[in-house]
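Commentary on secondary and tertiary structure
Each chain, letter by letter, is given below.
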Amino acid sequence: MNEKKVIVFIVEGPSEEAALGTIMKEFFSGNEVQFVVVHGDITMKDYVPDDSILKKINQQIEGVKSRYRYGNDDFIKIIHIADTDGVYIPDADVIETDTEEIRYCKEHIEARNVSAVIERNRRKGDILYKLRKTGKVNGIPYRIYFNFCNLEHVLYGELRDYSDEEKQILSDDFAERYEGKSDEFIELISAPDIAVPGTYQRTWDYMEKDRNSLHRHTNMHLIFE
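What counts as what
- Residues numbered from 1 in each chain as written.
- Predicted model: local features only at pLDDT ≥ 70, side-chain atom pairs only at ≥ 80, totals over all residues.
- Heavy atoms only, no water.
- Helix = DSSP H or I, 4+ residues; strand = E, 2+ residues; numbered from the N terminus.
- Rg over C-alpha atoms; globule rule 2.2 N^0.38 Å.
- Contact = heavy atoms within 4.5 Å.
- Areas by Shrake-Rupley, 256 points an atom, 1.4 Å probe, with all protein chains shown as cover.
- Pairing = 2+ DSSP bridges.
- Axes fitted to C-alpha atoms, helices over the stretch in contact; angles between N-to-C directions.
- Expected span 1.5 Å × (residues − 1).
- Bend = angle between axes of the 7 residues up to and from the residue.
- Buried < 20%, exposed > 50% of the residue type's maximum accessible area, 1.4 Å probe, protein only.
- Core = buried A, V, L, I, M, F, W, Y, C linked by side-chain atoms within 4.5 Å.
- Phe/Tyr/Trp six-rings, centres within 6.5 Å; stacked < 30°, edge-to-face > 60°.
- Parallel < 35°, antiparallel > 145°, perpendicular 65-115°, else oblique.
- Nonpolar A, V, L, I, M, F, W, Y, C, P; charged D, E, K, R; others polar.

Summing up its helical and strand segments, the chain has seven helices and nine strands in all. For 225 residues, the compact-globule estimate of 2.2 N^0.38 gives 17 Å, and the C-alpha radius of gyration of the chain, at 17 Å, lies within 12% of that figure. Taking the principal axes of its C-alpha atoms as reference, the chain extends roughly 55 × 40 × 35 Å. Counted over contacts in the chain with a minimum sequence separation of 6, partners at least 24 positions apart contribute 72%. Entry remark: accessible area of the chain is about 11200 Å², with carbon and sulfur atoms responsible for 46%.

With mixed pairing, three strands are arranged side by side in an open sheet as β4-β6-β5. Every interior strand has two partners, whereas the edge strands, β4 (94-96) and β5 (103-104), have only one. With two bridges connecting them, β5 and strand β6 (residues 109-111) associate as antiparallel partners. Counted as the bridge partner of R103 is E110 from β6. Along the sheet face, helix α3 (residues 114-132) touches β4, β5 and β6 and points at about 160° away from the line of β4.

A word on helix α1 (residues 14-27). Helix length check: α1 (14 residues) gives 20 Å between terminal C-alpha atoms against 20 Å at 1.5 Å per residue, within 8%. Largest kink in α1: about 45°, centred on L20. All buried positions along α1 are accounted for by S15, E16, A19, L20, G21, I23 and M24.

Turning our eyes to something else, we now look at the nonpolar core. Grouped burial of nonpolar side chains is what soluble globular proteins tend to show. Counting 57 residues, the largest nonpolar core has F9, L20, M24, F185, M220 and I223 as its most contacted members. When residues no more than four places from it in sequence are discounted, the contact partners of F9 are M24, F28, V33, Q34, F35, V36, I79 and I81.

Burial analysis of strand β3 (residues 75-83) places seven of its nine residues in the buried class, which makes it a mostly covered element. Alignment of strand β1 (residues 6-11) against β3, held across five bridges, turns out to be parallel. Paired with V8 across the strands is I78, a residue of β3. One ladder, built from six bridges, connects β3 with strand β8 (residues 140-148); its direction is parallel. Across the sheet, residue I79 finds its bridge partner in β8, namely R143.

Okay, the packing of aromatic side chains next. All told, the structure shown has 17 aromatic pairs when counted by the stated rule. With 6.1 Å between their ring centres and 50° between their planes, F9 and F28 make a pair best called tilted. With a gap of 19 residues between them, F9 in strand β1 and F28 in the loop between α1 and β2 (32-37) connect regions that are remote in the sequence. F9 gets classed as buried once you look at its relative accessible area, which sits at 0%. With a relative accessible area of 8%, F28 lands in the buried category. Where F148 meets Y206, the ring centres are 6.4 Å apart and the plane angle is 10°; that geometry is what we call stacked. Highlighted residues: F148 in strand β8 and Y206 in helix α7 (residues 200-207), separated in sequence by 58 residues.

A word on the packing of α1 against helix α5 (residues 164-178). Look at α1 against α5: their axes get within 7 Å of each other, and the N-to-C directions meet at 10°. In terms of orientation, α1 lies roughly parallel with respect to α5. Here P14, S15, A18, A19, I23 and E26 of α1 come into contact with α5, specifically with K167, Q168, S171, D172, F174, A175 and Y178. For the contact of α1 with α5, a count of residues per class yields seven nonpolar, three polar and three charged.

Turning to its location among the elements, Y104 is positioned in strand β5. With relative accessibility at 18%, the residue Y104 sits in the buried group. Between the C-alpha atom of Y104 and that of L159, which follows or precedes it by 55 residues, the distance is 7.1 Å. Not counting residues within four places of it along the chain, the set of residues in contact with Y104 comprises D85, I109, R120, C149, L159 and L214.

If you want it as structure tokens, here you go:
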């Protein structure tokens, strides 16, 4: 039986854990914090349909349970941090270009295969909607928080495609800068130009409108309320 209760953070890559791990462990020091790195976008990985996404999330939790011998009662919540990747923009704002990679801009997305991006947006949008309406996964309280357009955009203020190496360097520097200063981190992500105001549901409603899912916003501040 663990004396401390467990909070699980689900993130996309090791750079997210590197940037946020120390901060979350400091803020939630009265609990045990475990990070699950899914190495990619769990909402899109293996073309997961929206009706089986909860099963996929639960598989991640089962992995934590078996690794650390936790029981269901040891968990207090699951915090899932996801990138929006501009999925809610109008179809007309996906523009065809010769670029090999998908390129995110402030008002549109550029891609070689426009129809594939529009289809990805629809599918990911449906899955995000299902997840934001989900209150529990296998009885454990669950909430998903977003970064527009991605975590790097929110934390470092530049909307561009970072290499894995750049992400790691930036996240290590970020973690060092905010080590022992979780209050300063909360101040950063609560700034009016970054934090989407309102309740959890309202922040998600805002994200789904117009081109908002491409702009530099987050609702991660709600994690700390």
